[in-house]
Amino acid sequence: MSPFPTISVPPAPSRWVKADFHFHTAEDPSDPVDFSAADAVEMALAGGFGALAITLHGRRFWDEALAARAAAGGIQLIPGAELRLEGADVVVLGLSAAEATATRSFADLARLRARRGPEIFCLAPHPFFLIGASMGGRRLRAHAELLDAVEWCHFHTRGLGWLDRNRPARRAAARLGKPF
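Below, the structure is looked at part by part. Values in this document were obtained by computation on a predicted structure and should not be read as measured data. (Residues numbered from 1 in each chain as written. Predicted model: local features only at pLDDT ≥ 70, side-chain atom pairs only at ≥ 80, totals over all residues. Heavy atoms only, no water.)

In this section: the packing of aromatic side chains. We describe a pair of aromatic rings using the distance from one ring centre to the other and the angle between the two ring planes. According to the stated counting rule, one finds two aromatic pairs in the structure shown. Each ring, one from Phe21 and one from Phe121, has its centre 5.8 Å from the other, and the planes form 55 degrees; the classification is tilted. Taken together, the residues span a long stretch of sequence, with Phe21 in strand S1 (residues 19-23) and Phe121 in strand S5 (residues 121-124) at a distance of 100 residues. With a relative accessible area of 31%, Phe21 lands in the partly exposed category. Judged by its relative accessible area of 28%, Phe121 is partly exposed. (Phe/Tyr/Trp six-rings, centres within 6.5 Å; stacked < 30°, edge-to-face > 60°. Helix = DSSP H or I, 4+ residues; strand = E, 2+ residues; numbered from the N terminus. Buried < 20%, exposed > 50% of the residue type's maximum accessible area, 1.4 Å probe, protein only.)

Here it is as structure tokens:
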């Protein structure tokens, strides 16, 4: 039996699926969040989500009972983690707890990608955020082959001028040929 939860990938959808691939909860060891993973699933159910990845800092989140609750409501709960690699955050979905613990560098991520291929999904979260561990343009370009997508960050909105950090992320995603 595989140590990884089964993630079914349906044929191309005939409708959009509302999803969040980078979500923190009170179980996170780094961020103070006021709601639990169970609360997050209930919010996602109420919000019409089809997929949710709870991505704790530095370790994988997975709970079978919570995944069953999500599935009963039509949500695919995806195991994932937000990992700090050489000072930059990367969200990795579909990895095991041991892989989350062992992945500490971009070289480690490259080996994981080589071994697991499309079974994992790698996202550059908040790549141009002004504080924290953002990848920025240089690391995005240097490690583009390891990334599947660039995140649109809900912290940033249009109309903020230079504070809109999604603008450079959108441009970087386009230059790299990555979904945004």
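Having seen the structure, we can now continue with the description.
A few words on the side chain of Arg139. Among the structural elements, Arg139 can be located in helix H5 (residues 136-142). Buried and unpaired, Arg139 has Glu86 as its nearest opposite-charge partner, separated by 6.8 Å. A distance of 3.0 Å separates a polar side-chain atom of Arg139 from the backbone oxygen of Ser134. Beyond its immediate chain neighbours, meaning those up to four positions away, Arg139 contacts Glu86, Gly87, Ala88 and Ser134. (Lys, Arg positive; Asp, Glu negative; His and termini not counted. Salt bridge = Lys/Arg side-chain N within 4 Å of Asp/Glu carboxyl O. Polar contact = N/O pair within 3.5 Å; in protein donor to acceptor, adjacent residues only side chain to side chain. Contact = heavy atoms within 4.5 Å.)

Residues Val90, Val92, Leu109 and Met135 are the most contacted members of the largest nonpolar core, which totals 22 residues. Looking at this core, the elements with two or more residues in it are strand S3 (76-85), strand S4 (88-93), helix H4 (106-116), S5 and helix H6 (166-176). When near neighbours in sequence (up to four residues on either side) are disregarded, Val90 contacts Ala81, Glu82, Leu83, Leu85, Phe106, Leu109, Cys122, Leu123, Pro125, Met135 and Leu147. (Core = buried A, V, L, I, M, F, W, Y, C linked by side-chain atoms within 4.5 Å.)

Another point: a positive patch on the surface. Taken together, the side chains of Arg138, Arg141, Arg167, Arg171 and Arg175 define a basic patch exposed on the protein surface. At the level of elements, H5 and H6 are the ones that each hand at least two residues to the positive patch. Take the positive patch: its biggest share by element is three residues, from H6. Tracing the chain through its elements places Arg138 in helix H5. (Patch = residues over 30% accessible without salt bridge, like charges linked within 9 Å, V, L, I, M, F, W, Y side chains within 5 Å. Areas by Shrake-Rupley, 256 points an atom, 1.4 Å probe, with all protein chains shown as cover. Charge placed at Lys NZ, Arg CZ, Asp CG, Glu CD.)

This part takes up the pattern of salt bridges. Where charged atoms of side chains with opposite charge meet at close range, the side chains can pair. Under the criterion given, the structure shown has seven salt bridges. In this structure, Arg115 engages Glu99 in a salt bridge whose closest nitrogen and oxygen atoms are separated by 3.3 Å. Here Arg115 is found in helix H4, whereas its partner Glu99 is found in helix H3 (residues 97-102), with 16 residues between them in sequence. Using a relative accessible area of 9% as the deciding quantity, one classes Glu99 as buried. For Glu99, the salt bridge goes to Arg116, with nearest N and O atoms at 2.6 Å. With Glu99 in helix H3 and Arg116 in helix H4, this residue pair connects regions lying 17 residues apart in the sequence. The two residues Glu99 and Arg116 agree in class, both being buried. Within the structure, one salt-bridge network assembled from shared partners comprises Glu99, Arg115, Arg116 and Glu119.

Let's shift gears to the sheet that holds S1. Across the sheet, six strands lie side by side as S1-S2-S3-S4-S5-S6; this open sheet has mixed pairing. Each of the sheet's edge strands pairs with one partner strand only, and the pair in question is S1 and strand S6 (149-150). The pairing of S3 with S4 spans six bridges and is classified as antiparallel. Bridge pairing links Arg84 to Asp89 in S4. The strands touched by helix H1 (residues 37-46) are S1, strand S2 (51-57) and S3; relative to S2, the strand with the most contacts, the crossing angle is about 155 degrees. (Pairing = 2+ DSSP bridges. Axes fitted to C-alpha atoms, helices over the stretch in contact; angles between N-to-C directions.)

Assignment of secondary structure puts Arg167 in helix H6. With relative accessibility at 36%, the residue Arg167 sits in the partly exposed group. Residues Arg167 and Trp152, spaced 15 residues apart in sequence, show a C-alpha to C-alpha distance of 9.2 Å.

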